[in-house]
Amino acid sequence: MTETADDLSAPLGQDKPRRKRRLRLPFTAMQLLAVLLGLFLVTFAGFAIFNKDPLGGEPVTRIAISEPRTIDKATDERPAGQESKRDTKETPKQAASGEQKTITMIDGSTGARHDVVIGAGVAAEKDEAASAPPSVMAGINPKLLEKSRYGMIPVVADGLKPFNVYAADADRARAAKMPVVAIVIGGLGVGAAKTLDAIMKLPPAVTLAFTPYGADPGKLAERARAQRHEIFLQIPMEPYDFPDNDPGPQTLLTSLSADQNMDRLYWHLSRMQGYAGLTNFMGARFIATEPAMQPIIREAAKRGLGFFDDGSSPRSIAPQAAANQAIPFGKGDIAIDAVPTPAEIDRALNKLESTARERGIAVGTASALPVSIERIGAWTRTLGDRGILLVPLTTAMLKSKSS
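Residues numbered from 1 in each chain as written. Predicted model: local features only at pLDDT ≥ 70, side-chain atom pairs only at ≥ 80, totals over all residues. Heavy atoms only, no water.

- An unreviewed UniProt entry annotates the chain as Divergent polysaccharide deacetylase family protein originating from Bradyrhizobium vignae.

Here's what the structure looks like:
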């Protein structure tokens, strides 16, 4: 046996210290990590397969909604002087939370989601907060309104129809004897600046069409009527490329039942008052689908409204449906700013003028682009000198019906 120097120098009778044995695991750290990762994946897969929540994985926010707390002055135990400071901070917030709630609407047919602010049955535009319109706007005949689940909507009463009552003043005797042109500016109510430009810079005979969206479309519509413009309400309808091209919340869809679309229509009708008729907002597919479109025309006739087809869908069934219901009807002939450049807008206006000379009536449509407002305003200033009368849309519709 070989002895080392340490063995020879160690004291007799004492054992040499033994080396400590290291505990060795039956697997490596990498193997342990792999096992844990496998268990995690198996657990996650099981949750995904057996979980019944169809919105699993969607972000969820839980909001506690409580009734505003009222403080009885007689039993309030706070020291005097403190209640005024606290109440002035809390009361507006409590009032707002009591009047409006933000929800996400999920369309059952398409799965499309829209954030909507609900307040007294009123929803908002996708990108702007909404506020409930006044129950009755200034200058509105309360007899021509009835209450719906969303708010006040037009109705025929005492032989009066909104189409006749809210049509703008016009020299209809002259209009019957000479060529007339009507111009409809659409897409208003979203974007106060461009809406006010159209209201203030265009002649009163130009008809303004408002979408149901925006922070307060009723207030802007009221301003338009104060400037003697007649107004129409644009109803969002399904285009062919929906939902890639989405008009907005509560769009009328061909996939919905007539009752579901009617409920959505009532929501739109409640957003403002004082309009003489309805017109489509997009809607190439909807306006060309007879089972979907017929109930809308019938409802417009029932409520004493006219209907204007903006002419964007060559397959529209609106003319035939309106004729069957004997409803005041009009159709756009030329999209004035389809190419929004000064030269092309001027060319479209000249074509509109030629159409009026040939047929006696021509209707142009445009948006509230600054270049459109500028060119249309300049063109209308000299239109009368060329023997053509600019009239509100309702006047053109009545002339078309009588001719």
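There's more to say after this.
1. Considerations on unusual backbone geometry
Move 1: With an omega of 5°, the peptide bond running from F242 to P243 counts as cis.
Move 2: Among the secondary structure elements, P243 is positioned in the loop between β7 (231–237) and α8 (258–269).
Move 3: With a phi close to 55°, D158 is a non-glycine residue in the positive phi region.
Move 4: The residue D158 is located in the loop between β4 (152–154) and α4 (162–165) in this model. (Helix = DSSP H or I, 4+ residues; strand = E, 2+ residues; numbered from the N terminus.)

2. Describing α8
Move 1: Helix length check: α8, at 12 residues, gives a terminal C-alpha distance of 16 Å against a target of 16 Å (1.5 Å per residue), a fit within 8%.
Move 2: Looking only at α8, the buried set comprises N261, M262, R264, L265, W267, H268 and L269.
Move 3: On the buried face of α8, the contacting elements are β4, β7, β8 (277–282) and α9 (290–302). (Expected span 1.5 Å × (residues − 1). Buried < 20%, exposed > 50% of the residue type's maximum accessible area, 1.4 Å probe, protein only. Contact = heavy atoms within 4.5 Å.)

3. Describing the pairing of β7
Move 1: Taking burial as the measure, the 7 residues of β7 include 7 buried ones, the bulk of the element.
Move 2: The alternating pattern of β7 places I231, L233, I235 and M237 on one face and F232, Q234 and P236 on the opposite face, and all of these are buried.
Move 3: Summarising the sheet, strand β6 (residues 207–210) and β7 pair through 3 bridges and their orientation is parallel. The residue bridging L208 from the neighbouring strand is I231, located in β7.
Move 4: Tracing the backbone out of β6, into helix α7 (residues 217–226) and back to the parallel element β7 gives a crossover that is right-handed.
Move 5: Note that β7 and β8 share 6 bridges and pair parallel. The residue of β8 that forms the bridge with F232 is G277.
Move 6: Taking the sense of rotation as the criterion, the β-α-β connection linking β7, α8 and β8 turns out right-handed. (Pairing = 2+ DSSP bridges. Right-handed = clockwise from strand over helix to strand, strands pointing away.)

4. Details of the packing of aromatic side chains
Move 1: According to the stated counting rule, one finds 1 aromatic pair in the structure shown.
Move 2: Taking the centre distance of 6.4 Å and the plane angle of 40° together, the rings of Y213 and W267 count as tilted. Of this pair, Y213 sits in the loop between β6 and α7 while W267 sits in helix α8; the two residues are 54 residues apart in sequence, bridging distant segments of the chain.
Move 3: Overall, the relative accessible area of 4% leaves Y213 in the buried class.
Move 4: On the basis of relative accessibility, which here comes to 1%, the residue W267 falls in the buried class. (Phe/Tyr/Trp six-rings, centres within 6.5 Å; stacked < 30°, edge-to-face > 60°.)

5. Topic: the packing of helix α11 (residues 342–359) against helix α12 (residues 370–381)
Move 1: Viewed as axis vectors pointing N to C, α11 and α12 meet at an angle of 40°, and their least axial separation amounts to 10 Å. As far as their axial angle goes, α12 and α11 are oblique. Crossing hand, α11 versus α12: right-handed. Here P342, I345, D346, L349, N350, L352 and E353 of α11 come into contact with α12, specifically with V371, S372, R375, I376 and W379.
Move 2: Residue composition of the contact of α11 with α12, grouped by class: 7 nonpolar, 2 polar and 3 charged. (Axes fitted to C-alpha atoms, helices over the stretch in contact; angles between N-to-C directions. Parallel < 35°, antiparallel > 145°, perpendicular 65-115°, else oblique. Left-handed = near helix turned anticlockwise from the far one by under 90°. Nonpolar A, V, L, I, M, F, W, Y, C, P; charged D, E, K, R; others polar.)

6. Here's the deal with the environment of Y166
Move 1: Along the polypeptide, Y166 turns up in the loop between α4 and α5 (172–175).
Move 2: Separated by 65 residues in sequence, Y166 and I231 place their C-alpha atoms 8.1 Å apart.
Move 3: Other than its neighbours up to four places away in sequence, Y166 contacts G139, I140, N141, L144, R225, E230, G274, Y275 and A276.
Move 4: Polar side-chain contacts of Y166 include one of 3.2 Å to the backbone nitrogen of N141. (Polar contact = N/O pair within 3.5 Å; in protein donor to acceptor, adjacent residues only side chain to side chain.)

7. With respect to the nonpolar core
Side chains of a nonpolar character, in soluble globular proteins, are inclined to be buried together.
Move 1: Among the nonpolar cores identified, the biggest contains 57 residues, and V181, I183, I185, L278 and F307 are the most heavily contacted of them.
Move 2: Within the second largest apolar cluster, 22 residues are counted, among which are A157, M178, F232 and V391. (Core = buried A, V, L, I, M, F, W, Y, C linked by side-chain atoms within 4.5 Å.)

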